[in-house]
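# A look at the structure
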Amino acid sequence: MHAWPASEVPALPGKGRDLRIHDTATGGPVTLDPGPVARIYVCGITPYDATHMGHAATYNAFDLVQRVWLDTKRQVHYVQNVTDVDDPLLERANRDGQDWTELAERETSLFREDMTALRMLPPQHYIGAVEAIPGIVPLVERLRDAGAAYELDGDIYFSVESDPHFGEVSRLDAEAMRLLSAERGGDPERPGKKNPLDPMLWMAAREGEPHWDGRSLGPGRPGWHIECVAIALDHLGMGFDVQGGGSDLAFPHHEMGASHAHALTGEHPYAKAYVHAGMVALHGEKMSKSKGNLVFVSALRRQGVDPAAIRLTLLAHHYRSDWEWTDAVLDEAVERLARWRAAVSRPDGPPADALVEEVRAALADDLDAPAALRAVDRWVALQERAGGTDEGAPGVVSRTVDALLGVAL
Ligand code: 5CA
Ligand code: ZN
């Protein structure tokens, strides 16, 4: 499917820095050394209740990854999916008495509009689960034929024991895995499975549910994890640089995805770093579709909130921390945006060369956007207090904020 339009990324003077980022699989920082083309896969939305601030915060984190890479003069090969068929989507469509394909299309369009408004760089390949099915079926057949998958009443399950690296992404103990599996789309209680954690690869057609030709698998639809693996392997191949998503995807989604890919290719690793964004909460609880405690990007836009202020609110929080969306954090960003805009609207100002390096250094150090904002705040405060005579400075600040933070002043 098509993605959304890209905003221009201005080139900055000097040279960008290599990204050091926290990797869930090693539990510490890794300095990434991508080739001339950096490769990133970011898990996309399941298209209903989009785009809430939790979504926006997670996509903001991976937009920064790309901006740091672009600043090092690398190209970025970015792939994102849309889970446009899955249990929760079908459940929501049924609940509301609407056609699931219409729901998915409408919400995906809204997501595109929100991403455009927030100036998130688009993926080069934006792929729906449904359009990926012809590529998924042969992978499941291969896993089954290699003995890494088995049948249970017509459904096909992946055997986690087929991957010696299973568990290395999330590094959780068996009990924690079991609890999270039940919570996040797995079925550890189903009798007859070899291991309770084994995830479904192919679900045989159910009465009244959509299904597709699965060749030797029979009619059905794909499991969740194999969807992302099929798309990532097709467009990026093994050993890509970053697998991204929110922290709720570390287990089971990214753990299972890595295992599927290891079993399919015999290669390791699937991704060089597994990067996870913290959870945004509202009223003390994780913003989630199931609880319905959501603040939508589109609702704020309709109320006239500048998308740049929404983006500054996201940037004011470190991507790895869990944080709470409140009116106050948005108000602070609105005020900051106004001050920044006034400061760069003057013909001259204090020198800005050091600022470019400060913002670069902050982002290269595990995407420390709050530190980057503080650096800009310092320049703005100096401009407000004393001004300066450097004619190019306001332009340099404006282009730095645009190129590295995605905020147009
Ligand atoms: N379609 C799958 C991924 S393949 C999925 O998880 N979709 S989603 O719509 O539920 O979430 C999309 C992205 O937003 C995921 O990376 C998820 O981790 C992230 N996300 C969901 N809720 C929050 C939240 N409250 N805070 C931060 N990120 C969130
Ligand atoms: Zn995914």
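Given the structure is predicted, the values throughout are model-derived calculations rather than measurements. (Residues numbered from 1 in each chain as written. Chains lettered and ligands numbered in written order. Predicted model: local features only at pLDDT ≥ 70, side-chain atom pairs only at ≥ 80, totals over all residues. Heavy atoms only, no water.)

## Side note on the overall build of the protein
When its secondary structure is counted, the protein shows 13 helices and 14 strands. Since a compact globule built from 409 residues should have a radius of gyration of about 22 Å, the 22 Å found for the protein is in line with a globular shape. Dimensions of the protein, computed from the C-alpha atoms along their principal axes, are close to 75 × 45 × 35 Å. The buried share of the protein, taken over its 409 residues, is 58%. Contacts in the protein between residues at least 24 apart in sequence constitute 78% of all its contacts with a sequence separation of at least 6. If you sum the accessible surface of the protein, you get close to 16,500 Å²; carbon and sulfur atoms cover 50% of it. Here the protein holds 40 positive side-chain charges and 62 negative ones, and the gap between their average locations is 4 Å. (Helix = DSSP H or I, 4+ residues; strand = E, 2+ residues; numbered from the N terminus. Rg over C-alpha atoms; globule rule 2.2 N^0.38 Å. Buried < 20%, exposed > 50% of the residue type's maximum accessible area, 1.4 Å probe, protein only. Contact = heavy atoms within 4.5 Å. Areas by Shrake-Rupley, 256 points an atom, 1.4 Å probe, with all protein chains shown as cover. Lys, Arg positive; Asp, Glu negative; His and termini not counted. Charge placed at Lys NZ, Arg CZ, Asp CG, Glu CD.)

## A word on the domain arrangement of the protein
Domain boundaries assigned for the protein yield domain 1 (24-277) and domain 2 (305-405). Distance between the C-alpha centres of domain 1 and domain 2: 34 Å. Counting from both sides, the interface comprises 18 residues of domain 1 and, opposite them, 17 residues of domain 2. With both sides pooled, the region where domain 1 packs onto domain 2 buries about 1,600 Å², and carbon together with sulfur makes up 65% of that total. Among the residues domain 1 hides against domain 2, the three largest losses belong to Met 53, Leu 64 and Leu 118. Together they make up 32% of the total. Where Asp 71 meets Arg 360, a salt bridge forms, and the shortest distance between an N and an O atom there is 2.6 Å. In this assembly, domain 1 and domain 2 are joined by eight residue pairs in polar contact (both at pLDDT 80 or more). Looking at the side of domain 1 that touches domain 2, the elements that each hand over two or more residues are helix H1 (53-71) and strand S11 (271-277). Split by residue class, the side of domain 1 that touches domain 2 holds twelve nonpolar, two polar and four charged. (Domains from an automatic or database assignment. Buried area = accessible area lost by both parts, 1.4 Å probe. Salt bridge = Lys/Arg side-chain N within 4 Å of Asp/Glu carboxyl O. Polar contact = N/O pair within 3.5 Å; in protein donor to acceptor, adjacent residues only side chain to side chain. Nonpolar A, V, L, I, M, F, W, Y, C, P; charged D, E, K, R; others polar.)

## A short note on the packing of helix H2 (residues 87-95) against helix H3 (residues 100-117)
Close contact between H2 and H3 brings their axes to 9 Å; oriented N to C, the two are set at 110°. On the basis of the axis angle, H2 is roughly perpendicular to H3. Residue-level inspection shows Leu 89, Leu 90, Arg 92 and Ala 93 of H2 in contact with H3, the latter providing Trp 100, Leu 103 and Ala 104. Across the contact of H2 with H3, the residue classes break down as six nonpolar, no polar and one charged. (Axes fitted to C-alpha atoms, helices over the stretch in contact; angles between N-to-C directions. Parallel < 35°, antiparallel > 145°, perpendicular 65-115°, else oblique.)

## Here we look at the packing of aromatic side chains
Within the structure shown, the criterion is met by seven aromatic pairs. Ring centres of Tyr 59 and Phe 111 lie 5.3 Å apart, and the angle between their planes is 70°; on these two criteria the pair is classed as edge-to-face. Of this pair, Tyr 59 sits in helix H1 while Phe 111 sits in helix H3, placing them 52 residues apart in sequence. When the ring centre of Tyr 48 is taken as origin, the NZ or CZ atom of Lys 289, which lies over that ring, is 4.2 Å away. (Phe/Tyr/Trp six-rings, centres within 6.5 Å; stacked < 30°, edge-to-face > 60°. Lys NZ or Arg CZ within 6 Å of the ring centre and 35° of its normal.)

## Things to note about the site of ligand 1
Lining the immediate surroundings of ligand 1 are 24 residues, of which Gly 44, Thr 58, Thr 83, Asp 248 and Met 287 lie closest. For ligand 1, an oxygen atom lies 3.0 Å from a polar atom in the backbone of Gly 246. Contact with the protein chains removes 94% of the 600 Å² of surface that ligand 1 exposes when unbound. Mapped onto the shell around ligand 1, the elements with two or more residues apiece are H1, helix H6 (224-235) and strand S10 (240-246). (Near = heavy atom within 4 Å.)

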